[in-house]
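Below, each chain spelled out in residue letters.
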Amino acid sequence: MKRTFLALLLVATFATQATFAQTTKVTITAAEKKIAENITAAQISNYLYFVASDAMGGRDTPSVGLDITAEFLKMNLQRWGFKPAGDNGTFFQKFGLRRDVIDPKATSVKYNGISYEYGEDLARVGGSGSISAPIVFAGNGWMIKSKGLNPYANIDVKGKVIAVFAEGEPGGRSITPLPAGVTQADLTGTRGTDWADVNTYGRANGAAGVLVLPSKFLADNWSEVTAQFGRGRMVVDKLTPPTPATPTGPSFSLLVASPKLAKAIFAGEQGDPMNGATNSFDVGAGKKFELSVATKTEMAWTQNVIALWEGSDPTLKAEMVAVGAHYDHVGTNPNAPGPDKIWNGADDDGSGTVAVLSIAEALAKAPKRPKRSVLLVWHAGEEKGLWGADYFNKFPTVDIKKVIAQLNIDMIGRSKAAGDTNPKNKELSGPNDIYVIGSEMMSSTLGAVVKGTNSGFLKLGYDYKYDDPKDPNRFFFRSDHFHYAQNGIPVTFWFDGEHEDYHQPGDHPDKIDYQKMEKVTRTIFLTMWELTDLKERPKVDKELPAELKQR
Ligand SMILES: [Zn+2]
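A. Spatial organisation of the overall build of the protein. When helices and strands are tallied, the protein shows 14 helices and 22 strands. Projecting the C-alpha coordinates of the protein onto the three principal axes gives extents of approximately 90 × 60 × 50 Å. For the protein, the proportion of its 551 residues judged to be buried stands at 53%. At a minimum sequence separation of 6, the contacts of the protein that also span at least 24 residues come to 84%. Averaging the coordinates of the 62 positive side-chain charges in the protein and doing the same for the 63 negative ones gives two points 5 Å apart.

B. The arrangement of the coordination of the zinc ion in detail. Here the zinc ion is held by the protein donor atoms His326 (NE2), Asp348 (OD), Asp410 (OD) and Asp410 (OD), which lie 2.0 to 2.6 Å from it. Each of the four donor atoms bound to the zinc ion contributes to angles spanning 51 to 144°, and the resulting shape is irregular. Read in sequence order, the donor residues coordinating the zinc ion give the pattern H-x21-D-x61-D. Note that aspartate 348 is positioned in helix α9 (residues 346-365) and aspartate 410 in the loop between β19 (403-409) and β20 (433-437), a separation of 62 residues in sequence. Classification of aspartate 410 as buried rests on a relative accessible area of 5%.

C. Quick look at the domain arrangement of the protein. Under the domain assignment used here, the protein contains domain 1 (16-96 + 299-548) and domain 2 (104-293). The gap between the C-alpha centroids of domain 1 and domain 2 is 47 Å. Of all residues in domain 1, Trp387, Tyr391 and Phe395 give up the largest surface area on contact with domain 2, accounting jointly for 53% of the area buried on that side. Counting every contact that joins domain 1 to domain 2 gives zero salt bridges. Summed over the shared surface of domain 1 and domain 2, the result is two residue pairs in polar contact (both at pLDDT 80 or more). Sorting the residues of the side of domain 1 that touches domain 2 by element identifies β2 (92-102), β16 (295-309) and α11 (387-394) as the ones contributing at least two each.

D. Main features of α11. Of all the eight residues making up α11, seven are buried; the element is thus mostly covered by neighbouring parts of the structure. Listing the buried residues of α11 in full gives Trp387, Gly388, Ala389, Asp390, Tyr391, Phe392 and Asn393.

E. Here's a closer look at the side chain of aspartate 480. Among the structural elements, aspartate 480 can be located in the loop between β21 (461-463) and α13 (481-486). Arginine 59 provides the closest opposite charge to the buried, unpaired aspartate 480, separated from it by 11 Å.

F. Structural view of the packing of aromatic side chains. One pass over the full model with this rule turns up 23 aromatic pairs. Relative to phenylalanine 477, the ring of phenylalanine 476 lies with its centre 5.4 Å away and its plane at 85°, an arrangement referred to as edge-to-face. The exposure class assigned to phenylalanine 476 is buried, which follows from its relative accessible area of 1%. Ring centres of phenylalanine 476 and phenylalanine 482 lie 6.3 Å apart, and the angle between their planes is 90°; on these two criteria the pair is classed as edge-to-face. Connected via pairs of aromatic rings, a cluster forms that spans Tyr435, Tyr466, Phe475, Phe493 and Phe495. Between the NZ or CZ atom of lysine 238 and the centre of the ring of phenylalanine 395, over which it lies, the distance is 4.2 Å. A cation over a ring is seen here: lysine 451 above tyrosine 464, with NZ or CZ 5.0 Å from the ring centre.

G. Structural context of the packing of helix α3 (residues 41-51) against helix α14 (residues 514-532). The N-to-C vectors of α3 and α14 enclose an angle of 110°; their axes lie 9 Å apart at closest approach. When the interaxial angle is binned, α3 and α14 end up roughly perpendicular. Only Tyr514, Gln515, Met517, Glu518 and Thr521 of α14 make contact with α3, whose side of the interface consists of Ala41, Ile44, Ser45, Leu48 and Tyr49. Looking at the contact of α3 with α14 residue by residue, the classes come out as six nonpolar, three polar and one charged.

H. Representation of α3 within the structure. What α3 keeps buried is the set Ala41, Gln43, Ile44, Ser45, Tyr47, Leu48 and Val51. The secondary structure elements touched by the buried residues of α3 are α4 (64-79), α9 and α14.

I. Layout of the packing of helix α12 (residues 444-455) against α14. Their axes nearest at 9 Å, the elements α12 and α14 cross at an angle of 130°. Considering their axes alone, α12 and α14 lie oblique with respect to each other. Between α12 and α14 lies a crossing of right-handed hand. Judged by residue contacts, Leu446, Val449, Val450, Thr453 and Asn454 of α12 engage Thr523, Leu526, Thr527, Glu530 and Leu531 from α14. Class assignment of the residues belonging to the contact of α12 with α14 gives a composition of five nonpolar, four polar and one charged.

About the thresholds
Residues numbered from 1 in each chain as written. Predicted model: local features only at pLDDT ≥ 70, side-chain atom pairs only at ≥ 80, totals over all residues. Heavy atoms only, no water. Helix = DSSP H or I, 4+ residues; strand = E, 2+ residues; numbered from the N terminus. Buried < 20%, exposed > 50% of the residue type's maximum accessible area, 1.4 Å probe, protein only. Contact = heavy atoms within 4.5 Å. Lys, Arg positive; Asp, Glu negative; His and termini not counted. Charge placed at Lys NZ, Arg CZ, Asp CG, Glu CD. Donors = N, O, S within 2.8 Å, 3.2 Å for Na, K, Ca; no water. Tetrahedral: all angles 85-135°; square planar, octahedral: opposite > 155°, others 65-115°. Domains from an automatic or database assignment. Buried area = accessible area lost by both parts, 1.4 Å probe. Salt bridge = Lys/Arg side-chain N within 4 Å of Asp/Glu carboxyl O. Polar contact = N/O pair within 3.5 Å; in protein donor to acceptor, adjacent residues only side chain to side chain. Phe/Tyr/Trp six-rings, centres within 6.5 Å; stacked < 30°, edge-to-face > 60°. Lys NZ or Arg CZ within 6 Å of the ring centre and 35° of its normal. Axes fitted to C-alpha atoms, helices over the stretch in contact; angles between N-to-C directions. Parallel < 35°, antiparallel > 145°, perpendicular 65-115°, else oblique. Nonpolar A, V, L, I, M, F, W, Y, C, P; charged D, E, K, R; others polar. Left-handed = near helix turned anticlockwise from the far one by under 90°.

Written out as structure tokens, the structure reads:
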């Protein structure tokens, strides 16, 4: 009889939840509405014009603009009497960002026994490992059977550094530009067999590396090239294992040479690539190119901003409803084509940042406290890969098991105007609509509270279109709530949809629909309030998508 019994038992347990879930009518009292009305469009606009001003420089992680925004949040939280919930009684949870960079002073570059300056005369743009090998010149390095091109026909590149010269800007699928008269469309068949750039050919044929000789483009842009290369990717120190001292796998380096080094290599040789030589040949019999790279670790620091508003119920206040946003964006781009070099991130996610701040202010102004506590987390590094949320969930500054739900606000400030036919705004939600993601994915109770609060208040157009882990846009996986969900915490994510200024310099505060933000933020506030006062915390009673089972 077993199963049914089991089935029966199951039905019994979830009865309360299910009945609550299915038939939830959330009643928003007049007193609760009054509290939510402390959140106003004027207040939100005032904060957003500060957070998304050019002065914040697009709040990259790490950056001064981000740190100033963190201080701004802290100043207000202190004024309103919030409890610091970061490190050691502060509002900040600091975390280290590590970048392994090539140490030019400790890196040695030699050709034929003569030393050259790393950074000045050579830069590594990819690959790893040290080199001690002869050089072979291979023209522009492109082997394209369909065009009858093969610079490797009469040379052997095994164990050598392949020097190549190609005018123009590198792009597309290679470190060297395509030869004149060849287009991407000519790269038919299999890469490596029917066509190959020098990088592909070299790796496949046991070369020690590639040395790109200085075309006019490279010579003119040497400082940019050397500035951006040789600097490893920035990672979160405590979330990323150290780079192995001795790189795994075959060592192979992609290098660019300065005019000075290139001239020295080809002095007295049968041809000078910088002056038009194109035929392949072995360079400098008996001469060796030697490179031994030393790296050093650069550390930078950033912070999540974390505050607690303690609940009033002696028992329930041990539990918390978390509300969050990311206060970072992508910074500036000095090489941006247009005059505007600052990615202000007013909607992404300045809107969430100040929505959470206005929720904090409303809590502080409320005549009473909710039963459970409220945990506010402003995450750093979301744009870099959900860094702050990942860090907080792996190194929580509070008892994460007591977090009953997380409400994530990421882009709620833009609305599609009537008659807007811009294809980039096709999926942008209207002035009274918002996408809601995740609420029904883990906990039927949470789903019901979210839905019930809305229908018991402003009846906004809650669009569940993206509320599916299989949705090709994968929005569920693309913002901070994801790491809370991975931690087994039911989540809900409010999002207005991609638009013409998504990750563009034009994401400015003067394009924000503050009336919409006021409505959405008040609704999220009341959803939080309903959750803080629930008799029982929402249970995870849904089959979790595979990605959430990985923990
Ligand atoms: Zn965002």
